[in-house]
Amino acid sequence: MAKSEIYLDTKQIDRLTIELKGFEKEVGTATKNALNRAIDHIIAKTGQLVSKVYSIKSGDVKKSFANIKRPSNSDLSASITSKGHLLSLGRFPHSPAVPIKNIKRSKRQVKVQIKKTGGKKPVRTDPKAFIAPTGARSADKMRHNVFKRVGNSRLPIQIIRTLSVPQMITNEKIAEQILEAGNKVLRERLEHEITREIFNIGRKVKGR
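Residues numbered from 1 in each chain as written. Predicted model: local features only at pLDDT ≥ 70, side-chain atom pairs only at ≥ 80, totals over all residues. Heavy atoms only, no water.

Check the secondary structure of the protein chain and you find five helices and eight strands. Across the 208 residues in the protein chain, those meeting the buried criterion constitute 32%. Contacts in the protein chain between residues at least 24 apart in sequence constitute 57% of all its contacts with a sequence separation of at least 6. A total of about 13,700 Å² of accessible surface is found on the protein chain, and carbon and sulfur atoms cover 52% of it. (Helix = DSSP H or I, 4+ residues; strand = E, 2+ residues; numbered from the N terminus. Buried < 20%, exposed > 50% of the residue type's maximum accessible area, 1.4 Å probe, protein only. Contact = heavy atoms within 4.5 Å. Areas by Shrake-Rupley, 256 points an atom, 1.4 Å probe, with all protein chains shown as cover.)

Okay, here's the thing in C-alpha coordinates:
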(Lines give C-alpha, C1' and ligand atoms only; values in the text may rest on other atoms or scores of the structure.)
Protein backbone atom coordinates (compact mmCIF):
# COMPACT_ATOMS: atom_id res chain seq x y z
CA MET A 1 0.00 0.00 0.00
CA ALA A 2 1.39 3.43 -0.94
CA LYS A 3 2.37 5.84 1.82
CA SER A 4 0.55 9.17 1.83
CA GLU A 5 3.39 10.91 3.70
CA ILE A 6 7.17 10.66 3.42
CA TYR A 7 9.34 11.76 6.37
CA LEU A 8 13.09 12.40 6.26
CA ASP A 9 15.34 11.19 9.08
CA THR A 10 16.30 14.18 11.28
CA LYS A 11 18.26 12.27 13.93
CA GLN A 12 21.49 13.76 12.63
CA ILE A 13 20.19 17.26 13.40
CA ASP A 14 19.32 16.25 16.96
CA ARG A 15 22.75 14.69 17.42
CA LEU A 16 24.57 17.79 16.16
CA THR A 17 22.51 20.03 18.45
CA ILE A 18 23.74 18.00 21.43
CA GLU A 19 27.34 17.64 20.26
CA LEU A 20 27.70 21.32 19.36
CA LYS A 21 26.06 22.73 22.46
CA GLY A 22 26.79 26.44 22.69
CA PHE A 23 26.67 26.80 18.92
CA GLU A 24 22.90 26.49 18.54
CA LYS A 25 22.75 29.49 16.19
CA GLU A 26 25.30 27.97 13.82
CA VAL A 27 23.58 24.58 13.90
CA GLY A 28 20.29 26.32 13.13
CA THR A 29 21.76 28.18 10.15
CA ALA A 30 23.35 25.01 8.82
CA THR A 31 20.10 23.09 9.26
CA LYS A 32 18.07 25.76 7.47
CA ASN A 33 20.45 25.80 4.50
CA ALA A 34 20.61 22.00 4.34
CA LEU A 35 16.83 21.65 4.44
CA ASN A 36 16.39 24.21 1.65
CA ARG A 37 18.83 22.28 -0.55
CA ALA A 38 17.05 19.02 0.33
CA ILE A 39 13.67 20.50 -0.67
CA ASP A 40 14.98 21.60 -4.07
CA HIS A 41 16.65 18.24 -4.63
CA ILE A 42 13.57 16.23 -3.66
CA ILE A 43 11.30 18.21 -5.99
CA ALA A 44 13.68 17.71 -8.93
CA LYS A 45 14.31 14.04 -8.09
CA THR A 46 10.60 13.30 -7.69
CA GLY A 47 9.93 14.68 -11.16
CA GLN A 48 12.61 12.41 -12.60
CA LEU A 49 11.47 9.28 -10.74
CA VAL A 50 7.76 9.65 -11.52
CA SER A 51 8.36 10.41 -15.20
CA LYS A 52 10.47 7.25 -15.49
CA VAL A 53 7.57 5.08 -14.33
CA TYR A 54 4.54 6.95 -15.63
CA SER A 55 3.87 8.54 -19.02
CA ILE A 56 3.91 12.06 -17.61
CA LYS A 57 6.34 14.95 -17.96
CA SER A 58 8.74 15.73 -15.14
CA GLY A 59 7.61 19.37 -15.26
CA ASP A 60 3.99 18.39 -14.62
CA VAL A 61 5.09 16.52 -11.49
CA LYS A 62 7.07 19.52 -10.22
CA LYS A 63 4.08 21.82 -10.77
CA SER A 64 2.06 19.73 -8.33
CA PHE A 65 4.25 21.01 -5.47
CA ALA A 66 2.23 24.16 -4.89
CA ASN A 67 2.58 24.13 -1.10
CA ILE A 68 6.19 24.45 0.02
CA LYS A 69 7.05 25.47 3.57
CA ARG A 70 10.69 26.45 3.80
CA PRO A 71 12.59 26.72 7.09
CA SER A 72 13.47 30.07 8.62
CA ASN A 73 15.82 31.18 11.39
CA SER A 74 12.93 31.14 13.87
CA ASP A 75 11.19 28.00 12.57
CA LEU A 76 13.21 25.12 11.14
CA SER A 77 10.20 23.00 10.22
CA ALA A 78 9.88 22.28 6.51
CA SER A 79 7.45 20.43 4.27
CA ILE A 80 6.44 20.05 0.66
CA THR A 81 2.98 18.96 -0.42
CA SER A 82 1.92 17.63 -3.80
CA LYS A 83 -1.66 18.42 -4.78
CA GLY A 84 -3.67 17.51 -7.85
CA HIS A 85 -6.92 16.00 -9.06
CA LEU A 86 -7.33 12.73 -10.90
CA LEU A 87 -5.83 13.03 -14.39
CA SER A 88 -7.95 12.29 -17.42
CA LEU A 89 -6.89 9.41 -19.67
CA GLY A 90 -6.46 11.95 -22.44
CA ARG A 91 -3.37 13.29 -20.64
CA PHE A 92 -1.57 10.04 -21.49
CA PRO A 93 -0.57 8.56 -24.87
CA HIS A 94 -3.71 7.00 -26.31
CA SER A 95 -5.02 5.51 -29.51
CA PRO A 96 -6.80 6.45 -31.54
CA ALA A 97 -5.62 10.02 -31.01
CA VAL A 98 -8.77 11.42 -32.64
CA PRO A 99 -12.20 9.95 -33.42
CA ILE A 100 -12.24 7.47 -36.32
CA LYS A 101 -15.59 7.75 -38.04
CA ASN A 102 -15.18 4.98 -40.59
CA ILE A 103 -15.06 2.20 -37.98
CA LYS A 104 -18.22 0.92 -36.35
CA ARG A 105 -18.55 2.02 -32.74
CA SER A 106 -18.86 -1.55 -31.51
CA LYS A 107 -15.43 -2.39 -32.99
CA ARG A 108 -13.55 0.65 -31.72
CA GLN A 109 -11.26 0.07 -28.75
CA VAL A 110 -9.48 2.87 -26.96
CA LYS A 111 -6.03 2.08 -25.57
CA VAL A 112 -4.05 4.20 -23.11
CA GLN A 113 -0.47 4.00 -21.84
CA ILE A 114 -0.36 5.18 -18.21
CA LYS A 115 2.95 3.46 -17.33
CA LYS A 116 6.07 3.61 -19.47
CA THR A 117 6.37 -0.19 -19.56
CA GLY A 118 3.86 -2.59 -21.06
CA GLY A 119 2.60 -0.38 -23.86
CA LYS A 120 -0.97 0.81 -24.29
CA LYS A 121 -3.69 -1.06 -22.41
CA PRO A 122 -7.36 -1.33 -23.46
CA VAL A 123 -9.76 0.89 -21.54
CA ARG A 124 -12.34 -1.55 -20.24
CA THR A 125 -15.46 0.35 -19.32
CA ASP A 126 -19.14 -0.33 -19.76
CA PRO A 127 -20.40 1.49 -21.78
CA LYS A 128 -17.36 1.39 -24.09
CA ALA A 129 -14.82 4.23 -23.96
CA PHE A 130 -14.45 6.51 -26.99
CA ILE A 131 -12.47 9.53 -28.19
CA ALA A 132 -14.26 12.85 -28.62
CA PRO A 133 -13.32 16.55 -28.83
CA THR A 134 -13.48 18.54 -25.60
CA GLY A 135 -14.42 21.80 -27.30
CA ALA A 136 -11.13 23.44 -26.25
CA ARG A 137 -8.20 24.23 -28.52
CA SER A 138 -4.45 24.05 -27.97
CA ALA A 139 -1.91 25.42 -30.46
CA ASP A 140 -4.83 25.98 -32.83
CA LYS A 141 -5.77 22.29 -32.68
CA MET A 142 -8.89 20.77 -31.22
CA ARG A 143 -8.26 18.91 -27.98
CA HIS A 144 -9.59 15.39 -27.52
CA ASN A 145 -10.13 13.20 -24.50
CA VAL A 146 -11.34 9.75 -23.52
CA PHE A 147 -15.04 9.62 -22.62
CA LYS A 148 -17.75 7.15 -21.77
CA ARG A 149 -21.50 7.47 -21.81
CA VAL A 150 -23.43 7.62 -18.56
CA GLY A 151 -26.04 4.96 -19.17
CA ASN A 152 -27.26 3.68 -22.52
CA SER A 153 -28.33 7.02 -24.01
CA ARG A 154 -26.15 9.14 -26.29
CA LEU A 155 -25.93 11.80 -23.58
CA PRO A 156 -24.68 12.59 -21.00
CA ILE A 157 -21.02 11.63 -21.32
CA GLN A 158 -18.15 11.94 -18.86
CA ILE A 159 -14.36 12.09 -19.02
CA ILE A 160 -12.64 8.94 -17.75
CA ARG A 161 -10.02 9.69 -15.10
CA THR A 162 -7.24 7.71 -13.47
CA LEU A 163 -4.43 8.43 -10.97
CA SER A 164 -3.45 11.84 -9.64
CA VAL A 165 0.16 13.04 -9.47
CA PRO A 166 0.22 12.69 -5.64
CA GLN A 167 -0.87 9.06 -6.02
CA MET A 168 1.98 8.47 -8.47
CA ILE A 169 4.48 10.04 -6.06
CA THR A 170 3.33 7.80 -3.20
CA ASN A 171 3.63 4.66 -5.28
CA GLU A 172 5.53 2.45 -2.81
CA LYS A 173 8.65 1.94 -4.95
CA ILE A 174 8.83 5.60 -5.95
CA ALA A 175 8.28 6.78 -2.36
CA GLU A 176 11.15 4.58 -1.16
CA GLN A 177 13.51 6.09 -3.74
CA ILE A 178 12.42 9.63 -2.83
CA LEU A 179 13.04 8.89 0.85
CA GLU A 180 16.48 7.43 0.13
CA ALA A 181 17.47 10.37 -2.09
CA GLY A 182 16.13 12.93 0.40
CA ASN A 183 17.94 11.43 3.38
CA LYS A 184 21.19 11.18 1.40
CA VAL A 185 21.21 14.81 0.29
CA LEU A 186 20.15 16.01 3.76
CA ARG A 187 23.06 14.15 5.38
CA GLU A 188 25.55 15.43 2.83
CA ARG A 189 24.35 19.03 2.88
CA LEU A 190 24.11 19.15 6.67
CA GLU A 191 27.70 17.95 6.98
CA HIS A 192 28.82 20.52 4.41
CA GLU A 193 26.91 23.39 6.05
CA ILE A 194 28.12 22.51 9.56
CA THR A 195 31.73 22.39 8.31
CA ARG A 196 31.29 25.81 6.71
CA GLU A 197 29.77 27.33 9.86
CA ILE A 198 32.59 25.96 12.03
CA PHE A 199 35.14 27.31 9.53
CA ASN A 200 33.50 30.74 9.71
CA ILE A 201 33.65 30.66 13.52
CA GLY A 202 37.37 29.84 13.31
CA ARG A 203 38.00 32.77 10.99
CA LYS A 204 36.17 35.14 13.29
CA VAL A 205 38.17 33.96 16.31
CA LYS A 206 41.47 34.38 14.45
CA GLY A 207 40.44 37.84 13.32
CA ARG A 208 40.00 39.11 16.88
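Another point: the sheet that holds strand β4 (residues 111-112). If you trace the three strands from one edge of the open sheet to the other, you get β3-β4-β5, paired in antiparallel fashion. At either end of the open sheet lies a strand with only one pairing partner, and these are β3 (94-95) and β5 (121-122). Direction of pairing for β4 relative to β5: antiparallel, over a ladder of two bridges. Its bridge partner being in β5, Val112 is matched across the sheet by Lys121. (Pairing = 2+ DSSP bridges.)

Here we come to the nonpolar core. In this structure, Val50, Ile56 and Val146 are the most contacted members of the largest nonpolar core, which totals 24 residues. By residue number, the principal contributor to this core is helix α2 (residues 24-53), which donates five residues. Once you skip the residues sitting within four places of it in the chain, Val146 turns out to touch Leu89, Gly90, Val110, Val112, Ala129, Phe130, Ile131, Gln158, Ile159 and Ile160. (Core = buried A, V, L, I, M, F, W, Y, C linked by side-chain atoms within 4.5 Å.)

Once that is clear, we can look at the packing of aromatic side chains. Aromatic ring pairs are defined here through the distance separating the ring centres and the angle between the ring planes. Tallying each qualifying case throughout the model produces one aromatic pair. Judged by centre distance (6.2 Å) and plane angle (25 degrees), the rings of Phe130 and Phe147 are stacked. Highlighted residues: Phe130 in strand β6 (residues 130-138) and Phe147 in strand β7 (residues 141-149), separated in sequence by 17 residues. Phe147 shares its class with Phe130; the two are buried. (Phe/Tyr/Trp six-rings, centres within 6.5 Å; stacked < 30°, edge-to-face > 60°.)

Our focus in this paragraph is unusual backbone geometry. Note the cis peptide between Ser95 and Pro96, where omega equals -5 degrees. Residue placement: Pro96 occurs in the loop between β3 and β4.

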